[in-house]
Amino acid sequence: PAPTPPQLLMRATRSFRRLRSSLARPATVSVAPSGDLHLTWSDGEARSFHPLWLRDNCPATRHGSSRQKLVSAATLPPGLRPAEAAVSADSDELSVLWDPDGHRSVYSASWLRSLAAPDAE
């Protein structure tokens, strides 16, 4: 059967959201007193990430081909906090320097956006 008008509208809305998301670039990042990172994209969407979750999901601590984690969250240093965080103006990256161990993580901002629900306004 042919799709109904509401089904067509829903498909068009999903396609528009995917297109808008793919065009948005990370615009700002800030670190809350709690250590959470708040990332905002050029289209105004924002996401928040807990530091332990981010560090546990660092791409550099995964096996190159299998993507298996090579580090357990239980082995991460206590008091883990972002010492600095920056977004790249010309790419899709979020870079985080971690305190106290000085590890640097680089994340795909579009990957992060796809995982988390938008922040409540």
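### Some words on the sheet that holds strand S3 (residues 46-49)
Pairing within the open sheet is antiparallel, and its 3 strands lie in the order S1-S2-S3. This sheet does not close on itself; its edge strands, each paired only once, are strand S1 (26-31) and S3. Direction aside, the axes of adjacent strands within the sheet are offset by 20° on average. Relative to strand S2 (residues 37-41), S1 runs antiparallel, the two sharing 5 bridges. Its bridge partner lying in S2, Val31 is registered against Leu37.

### Looking at the sheet that holds strand S5 (residues 93-99)
Sheet strands line up and pair through hydrogen bonds in the backbone, either parallel or antiparallel. In spatial order, the strands read S4-S5-S6; together these 3 strands make up an open sheet with antiparallel pairing. Either end of the sheet is taken by a strand with one partner, and the two such strands are strand S4 (81-87) and strand S6 (104-108). On average, each strand axis in the sheet is tilted by 25° relative to the strand beside it, whichever way the strands run.

The rules behind each value
Within every chain, residues take consecutive numbers counted from 1 along the sequence as written. This being a predicted model, a pLDDT of at least 70 is required before a residue's local features are given, and a value of 80 or more before pairs of side-chain atoms are given or counted; all residues contribute to the totals for chains, interfaces and linings. Heavy atoms from the whole structure form the basis of all side-chain values; hydrogens and water molecules are not counted. Paired strands, as defined in this entry, are two strands with at least two bridges between them according to DSSP. Helix numbering and strand numbering both begin at the N terminus, where a helix is a DSSP run of H or I of at least 4 residues and a strand a DSSP run of E of at least 2. Lines fitted to the C-alpha atoms define the axes, with helices restricted to the stretch that makes contact. Angles between their N-to-C directions range from 0 to 180 degrees.

Shape is all these values report; function is a separate question.
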